[in-house]
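Fold and geometry: a report
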Amino acid sequence: MITDPEGMMAVLQHEAKKFTKTAIDARILGPATKEGLLSVHGEQWKRQRKAVAPMFRKRHMEDLAPLIATTLDDFCAGLDTQPNVELNSAMAELTFDVLAKALLGNPQGLDGEKLKYATRNMVTSAGTLRPDDLLPFPAWVPRPISPKGSLALKRLKKAADKLIAERKINPVEDDLVSLLIAAKDPKTGEGLSAREQRDNLIGFFIAGHETTALTLTWALYLVGKHAPTAERIREEVLSVCGPDGNVAYDQMAELKFIQAVIDETMRLYPPAPMLNRLCHEDTVICEREVKAGDTFLLCNYVMHRTERLWDNPLAFDPDRFLRDPSLKAKGAPYMPFGAGPRICVGAAFATMEAVMSLARLVRDYDIKVPEECYPKPLMTVTLRPEGGVPARMDRA
Ligand code: HEM
């Protein structure tokens with residue numbers, strides 16, 4: 001297990017060619033997205049990454065910001081009628097809706113609620129790490145998932161196939177599915193196969209909605225417990241964006257404190273708390289010999305809370321990122337999005353969504369988390385608050 005930045009950078013970046021993801025990842029993600037970016041390796045990964053990365057460039061992010069804004073309007077209208085929420089479920093609803101709008105636009109004839117239900121079921125049943133996931137089963141032994149999870153998966157695949165087929169007939173400009181269908185390796189001009197398109201679409205839903213939801217859940221929990229932070233966020237949004245509406249794309253860079261709150265939240269509660277790699281070629285990592293066949297667990301959760309690497313690591317102190325911007329530099333002991341060539345492809349999108357959502361929700365609502373609520377971070381594939389976070393959100 002690696003828990004320091006030198007080791008992480010060695011495995012994820014400098015020696016990345018000697019490592020792939022392990023059978024644990026293949027077992028958990030394979031049934032849903034075997035041919036997608038999350039799971040593939042080698043040349044197939046390289047081709048897909050080159051084709052898909054431009055979808056998440058700044059130009060498209062600017063187009064997606066208004067979609068996040070309208071989803072937040074709808075979400076707030078719901079909160080006004082139902083202020084008692086469980087934060088994790090509420091944030092998963094919000095981030096799913098954002099992703100559905102960004103990925104799919106407004107598809108005709110697609111039942112969004114059904115798709116949401118299927119994806120949530122899939123993520124909660126299949127995305128939970130179990131003891132048998134760590135046993136060395138050969139790749140052909142299927143991973144049992146609940147009947148509910150497996151039905152959800154079937155529905156998800158069917159919906160994704162249908163959607164891609166429709167988009168091919170009626171192309172829509174600039175939603176992410178259309179970009180995915182048009183995606184090409186810029187050098188070779190090679191695109192993705194139909195199966196790769198489907199698996200990537202599903203992969204984006206899986207990788208992109210629960211992680212961002214957890215960032216917002218833990219951020220609102222921390223802010224709900226810490227009134228001075230809520231007050232500073234409110235002041236910052238009021239001075240940059242005024243009392244109404246949403247954050248515009250070009251205002252984002254000015255919301256420095258909110259960005260620092262998101263950074264500090266992902267330090268204490270990294271949504272993807274542990275990555276894994278399998279070594280394929282003997283090498284030396286941090287002065288230790290490692291062999292082909294060795295498995296590595298890379299735990300950013302531990303690294304982010306290590307005394308040797310951080311001042312006062314267990315304190316919630318967003319200002320540390322404002323005092324010292326080098327804490328986010330390449331090679332620093334902060335890697336919520338991973339590192340190296342397989343660093344999260346959706347990081348800019350996730351960050352934009354988290355900053356816009358936190359700004360709007362904290363400016364407009366008083367968030368109350370019960371005094372006795374201190375949820376234990378539960379390590380599944382993601383870092384979930386055990387038992388959820390009950391909260392009340394009343395208009396400020
Ligand atoms: C706060 C939110 C997010 C966090 C913390 C996060 C975290 C991560 C991490 C740590 C990895 C690297 C995994 C590894 O190296 O084994 C990763 C990869 C990935 N993420 Fe994210 N992610 C987030 C949001 C998103 C979003 C919004 C999308 C897409 C819509 C996305 C799509 C992906 C994909 C496709 C990969 C695989 C990239 C590759 O292997 O080339 N993620 N993410």
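Every chain's residues receive numbers from 1 upward, in the order its sequence appears when written. In keeping with the model being predicted, local features are shown solely for residues with a pLDDT of at least 70 and side-chain atom pairs are shown and tallied solely at 80 or more, while totals for entire chains, interfaces and linings include all residues. The side-chain values count all of the structure's non-hydrogen atoms but skip hydrogen atoms and water molecules.

Description of the side chain of Arg363
Where helices and strands are cited, they refer to DSSP runs of H or I of at least four residues and of E of at least two residues respectively, numbered from the N terminus. The topology assignment puts Arg363 in helix α14 (residues 347-364). Here a polar contact is taken to be a pair of N or O atoms separated by no more than 3.5 Å, where protein atoms must pair a possible hydrogen donor with a possible acceptor and residues adjacent in sequence count only if both atoms sit in side chains. Within the structure, Arg363 has its side chain in polar contact with the backbone oxygen of Asp244 (distance 3.4 Å). A distance of 2.6 Å separates a polar atom in the side chain of Arg363 from the backbone oxygen of Gly245. Contacts are assigned to residue pairs with any non-hydrogen atoms lying within 4.5 Å of each other. Discounting residues that sit within four places of it in the chain, Arg363 has contacts with Arg234, Val237, Leu238, Gly242, Pro243, Asp244, Gly245, Leu358 and Ala396.

Some remarks on the environment of Ser326
With respect to the helices, strands and loops of the structure, Ser326 is situated in the loop between α13 (319-323) and α14. Separated by 2.6 Å, the side chains of Ser326 and Asp324 make a polar contact.

Topic: a negative patch on the surface
Together, Glu62, Asp63, Asp250 and Glu254 make up a negatively charged patch on the protein surface. The residue Glu254 is located in the loop between α10 (227-241) and α11 (256-268) in this model. A patch is a set of surface residues, each over 30% in relative accessible area and not in a salt bridge, joined within 9 Å for like charges and within 5 Å for the nonpolar side chains Val, Leu, Ile, Met, Phe, Trp and Tyr. Where accessible areas are quoted, they stem from the Shrake-Rupley method and a 1.4 Å probe; at the residue level, only the protein chains shown are allowed to cover. Each reported salt bridge corresponds to a side-chain nitrogen of Lys or Arg within 4 Å of a carboxyl oxygen of Asp or Glu. Under the convention used here, Asp and Glu are negative, Lys and Arg are positive, and both His and the chain ends fall outside the count. The atoms used to mark charge sites are NZ of Lys, CZ of Arg, CG of Asp and CD of Glu.

Details of the coordination of the iron atom of the ligand
Distances up to 2.8 Å from the metal define which N, O and S atoms are donors, and 3.2 Å serves for Na, K and Ca; water is absent from the atom set, so sites may look incomplete. For the iron atom of the ligand, the protein supplies a single donor, Cys344 (SG), at a distance of 2.3 Å. With respect to the helices and strands, the residue Cys344 is situated in the loop between α13 and α14.

Quick notes on the sheet that holds strand β10 (residues 390-395)
Two strands make a pair as long as DSSP finds a minimum of two bridges between them. A sheet is described by the order of its strands in space; here 3 strands give the open sequence β2-β10-β7, paired in antiparallel fashion. Each edge of the sheet is formed by a strand with only one pairing partner; in this case those strands are β2 (84-86) and β7 (365-368). Direction aside, the axes of adjacent strands within the sheet are offset by 30° on average. Pairing geometry for β2 and β10, over 3 bridges, is antiparallel. Bridge pairing in β10 links Val85 to Ala391. A fitted line through C-alpha atoms serves as each axis, taken over the contacting stretch for helices, and the angle formed by two N-to-C directions is quoted from 0 to 180°. With respect to the sheet, helix α5 (residues 87-104) is in contact with β2 and β10, its orientation differing from that of β2 by roughly 85°. Its contacts with the sheet put α14 on β7 and β10, and the angle it makes with β7 is roughly 90°.

Some words on the site of the ligand
Around the ligand sit 27 residues, and of these Trp45, Arg49, Arg277, Arg342 and Cys344 come closest. Between Arg49 and the ligand, the recorded distance is 2.8 Å, taken from a side-chain N or O atom to an oxygen atom. At 2.8 Å from an oxygen atom of the ligand is found a side-chain nitrogen or oxygen belonging to Arg277. Elements with a contribution of two residues or more to the shell around the ligand: α3 (42-52), α9 (194-225), β3 (274-279) and α14. Broken down by element, the shell around the ligand gets its largest block of residues, 6 residues, from α9. Each residue gets one of three labels, nonpolar for Ala, Val, Leu, Ile, Met, Phe, Trp, Tyr, Cys and Pro, charged for Asp, Glu, Lys and Arg, and polar for the others, Gly among them. The residue makeup of the shell around the ligand, split by class, is 17 nonpolar, 6 polar and 4 charged. Here a residue is considered near a molecule or strand provided that any single heavy atom belonging to it is located within 4 Å of it.

A few points about helix α1 (residues 5-14)
Under the scheme applied here, a residue whose accessible area is under 20% of the maximum for its type counts as buried, over 50% as exposed, and between as partly exposed, the area being computed with a 1.4 Å probe on protein chains only. The buried fraction of α1 amounts to 7 of the 10 residues, a majority that puts the element mostly inside the structure. All buried positions along α1 are accounted for by Pro5, Gly7, Met8, Met9, Ala10, Val11 and Leu12. Close packing links the buried residues of α1 with β1 (19-20), β3, β4 (283-285), β6 (295-299) and α12 (300-304). Put simply, Asp4 is the residue that caps the front of α1, since its side-chain oxygen is 3.1 Å from the backbone nitrogen of Glu6.

So, the packing of aromatic side chains
Here a pair means two rings of Phe, Tyr or Trp (six-membered ring of Trp) with centres within 6.5 Å. Their orientation is stacked below 30 degrees between planes, edge-to-face above 60, and tilted elsewhere. As enumerated under the stated definition, the model contains 8 aromatic pairs in all. Summarising the aromatic geometry, the rings of Trp218 and Tyr269 are spaced 3.9 Å apart at their centres and angled 0° between planes, so their arrangement reads as stacked. With a gap of 51 residues between them, Trp218 in helix α9 and Tyr269 in the loop between α11 and β3 connect regions that are remote in the sequence. On the accessibility criterion, Tyr269 (11% relative accessible area) is buried. Ring geometry for Trp310 and Phe321: centres 6.2 Å apart, planes at 55°, overall tilted. Pair noted here: Trp310 is in the loop between α12 and α13 and Phe321 is in helix α13, with a separation of 11 residues, a long-range link.

Considerations on unusual backbone geometry
Residue Glu287 is not a glycine yet carries a positive backbone phi of 65°. Turning to its location among the elements, Glu287 is positioned in the loop between β4 and β5 (288-290). By relative accessible area, Glu287 is classed as exposed at 79%. With a phi angle near 45°, Asn312 is a residue other than glycine that sits in the positive phi range. Locating Asn312 in the fold gives a position in the loop between α12 and α13.

Observations concerning the environment of Arg232
You can see Arg232 is positioned in helix α10. Separated by 29 residues in the primary sequence, Arg232 and Val261 have C-alpha atoms spaced 10 Å apart. Ignoring anything within four residues of it in the chain, the contact list for Arg232 reads Phe257, Asp319 and Leu322.

Some points on empty space enclosed by the protein
A 1.4 Å probe that fits but cannot get out identifies a cavity on a 1 Å grid over protein atoms alone, an open set with protein on both sides within 12 Å along at least five of seven lines counts as a pocket, and a residue lines either if it has an atom within 4 Å of a point. Grid points are joined across faces, edges and corners, and a volume is the space filled by probe spheres set on the points. Taken as a whole and judged by the stated rule, the model has 1 cavity of 30 Å³ or more. Estimated volume of the largest cavity: approximately 50 Å³. Lining the largest cavity are 10 residues; nearest its centre among them are Leu115, Leu156, Ala160, Leu201 and Phe205. For the lining of the largest cavity, the elements supplying multiple residues, two or more each, are α7 (147-169) and α9. Counting residues per element, the lining of the largest cavity draws most heavily on α7, which supplies 4 residues.

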